[in-house]
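One letter stands for each residue in the lines below.
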Amino acid sequence: MRHEIELAYVGIEVPDPSSLSSFFGDVIGLAPGEPSGPGTLTWRNDQKAHRVVVQPGPANDAVYLAFEAADDEAFDAVQARLAATGADLAEGSAGDLAARRVRRLVRATSPWGVPVELVTGLEEAPTTFDSALVPGGFLTAGVGFGHAVFATTAFDEAHAFVVDGLGLDQSDWLEMEIAAGIELEVHFYHCNERHHTLALARAPFELPQKLHHLMFETKVRDDVGAAFDRAWATDLPIPNGLGRHDNDGMFSFYVASPAGFQVEVGHGAKLITDDWDANRRYDRISAWGHQPLRQG
Ligand SMILES: [Fe+2]
């Protein structure tokens, strides 16, 4: 399996970063990450310094998504591929490198409006990852921190950026009628063994948030159930209760964060293999479950 890049971290901007602390810490079970800029709080789900960076600002959305190249050669190759597709690239400043805790950084404008950062050398945290709430830990080795799903009206340009620029391969896609005359179309992309590191939904119009959800995968199935119980004990919306996706086979649920975007906690997704030939259309989101449980 080719392994050039993996999901490094996501930047979230909300007016008050502490408004997400109980959500990420007490519900999802992430651990505090290394210190960052003023007013910024960070979270991690493995030994890396940070995986979710929550900074103060008005966006109320994801404001960057970073992919970490396995080494300098991979970094150069992805940077060259992005440049060849005409992507708008900018070198990260010394301040960027320090804030992101990386050795190299190039920033690209993405068609879905959330800048993509190509980085290498993301720092390790000085302490081992330990979450009392997720005793089995999260699956991240060689597959990045999880996955991110965005909705965009510029779907065709976004697909080309992901496939031709970043070099991800499409895993499969979902096309279904969710109401009379309303089509849902989501494409799923991989860059390592994780079934999808990124997915893009074709949005019929600009939505208030580009980030639909982040996914964190536990190593142990029961840790999903325990996270569900913690989510259920809050009054947060649960857009989808426990279920199993048809395409990646993941057992998961979705809880809405106080900022609106959702988090999926899951386990047991299919792995992409060298002979992956399941790049096909699916016509249902879930094999079972994922019922809308509690609305906001
Ligand atoms: Fe997902």
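Because the structure is a prediction, the values reported are computed rather than measured. (Residues numbered from 1 in each chain as written. Predicted model: local features only at pLDDT ≥ 70, side-chain atom pairs only at ≥ 80, totals over all residues. Heavy atoms only, no water.)

J.: Let's hear about the environment of Pro58: which residues, and what values?
T.: Mapping Pro58 onto the fold places it in the loop between β4 (52-56) and β5 (61-69). Given a relative accessible area of 74%, Pro58 falls into the exposed group. (Helix = DSSP H or I, 4+ residues; strand = E, 2+ residues; numbered from the N terminus. Buried < 20%, exposed > 50% of the residue type's maximum accessible area, 1.4 Å probe, protein only.)

J.: Describe in detail the nonpolar core, supporting the description with residues and values.
T.: Counting 62 residues, the largest nonpolar core has Ile12, Phe24, Ile28, Trp112 and Phe150 as the members making the most contacts within it. If we ignore the near neighbours within four places in the chain, the residues touching Phe150 are Ala62, Leu65, Trp112, Val114, Leu198, Ala199, Leu200, Ala201, Lys210, Leu211 and His212. Of all hydrophobic cores here, the second largest spans 11 residues; its members include Met176, Ala199, Ala203 and Tyr282. (Core = buried A, V, L, I, M, F, W, Y, C linked by side-chain atoms within 4.5 Å. Contact = heavy atoms within 4.5 Å.)

J.: Can you tell me about the coordination of the iron ion, naming the residues and giving the values?
T.: Ideal values for angles at a metal depend on the geometry: 109.5 degrees with four tetrahedral donors, 90 or 180 degrees with six octahedral donors. The protein atoms that coordinate the iron ion are His147 (NE2), His213 (NE2) and Glu264 (OE), at distances spanning 2.0 to 2.2 Å. Read N to C, the donor residues that coordinate the iron ion are spaced as H-x65-H-x50-E. Placement of the pair is His147 in strand β9 (residues 147-152) and Glu264 in strand β16 (residues 262-267), with a sequence separation of 117 residues. (Donors = N, O, S within 2.8 Å, 3.2 Å for Na, K, Ca; no water.)

J.: Hey, could you go over the packing of helix α2 (residues 72-84) against helix α4 (residues 155-166) for me, with residue numbers and the actual values?
T.: Where α2 meets α4, the closest approach of the two axes is 8 Å, and the angle between their N-to-C directions is 135°. In terms of their interaxial angle, α2 and α4 are classed as oblique. Contacts between α2 and α4 involve Val78, Arg81 and Leu82 on the former and, on the latter, Phe161, Asp164, Gly165 and Leu166. (Axes fitted to C-alpha atoms, helices over the stretch in contact; angles between N-to-C directions. Parallel < 35°, antiparallel > 145°, perpendicular 65-115°, else oblique.)

J.: Which residues make up the packing of helix α1 (residues 21-28) against helix α5 (residues 221-232), and what values go with them?
T.: Closest axis-to-axis distance for the α1/α5 pair is 9 Å, and the angle between their directions is 135°. With respect to each other, α1 and α5 are oriented oblique. Where α1 abuts α5, its residues Asp26, Val27 and Ile28 lie against Ala227, Arg230 and Ala231. When its residues are assigned to classes, the contact of α1 with α5 shows 4 nonpolar, no polar and 2 charged. (Nonpolar A, V, L, I, M, F, W, Y, C, P; charged D, E, K, R; others polar.)

J.: Give me the sheet that holds strand β1 (residues 5-14): which residues, what numbers.
T.: Ordered by their spatial adjacency, 8 strands build an open sheet running β2-β3-β4-β1-β5-β8-β7-β6, and the pairing between neighbours is mixed. At either margin of the open sheet sits one strand with a lone partner, and together these are β2 (31-32) and β6 (89-91). Bridging between β1 and β5 involves 8 bridges; their strand directions are antiparallel. When the bridges of β5 are listed, Gly11 appears paired with Tyr64. In this fold α1 packs onto β3 (41-44) and β4, with an angle of close to 20° to the strand it touches most, β3. (Pairing = 2+ DSSP bridges.)

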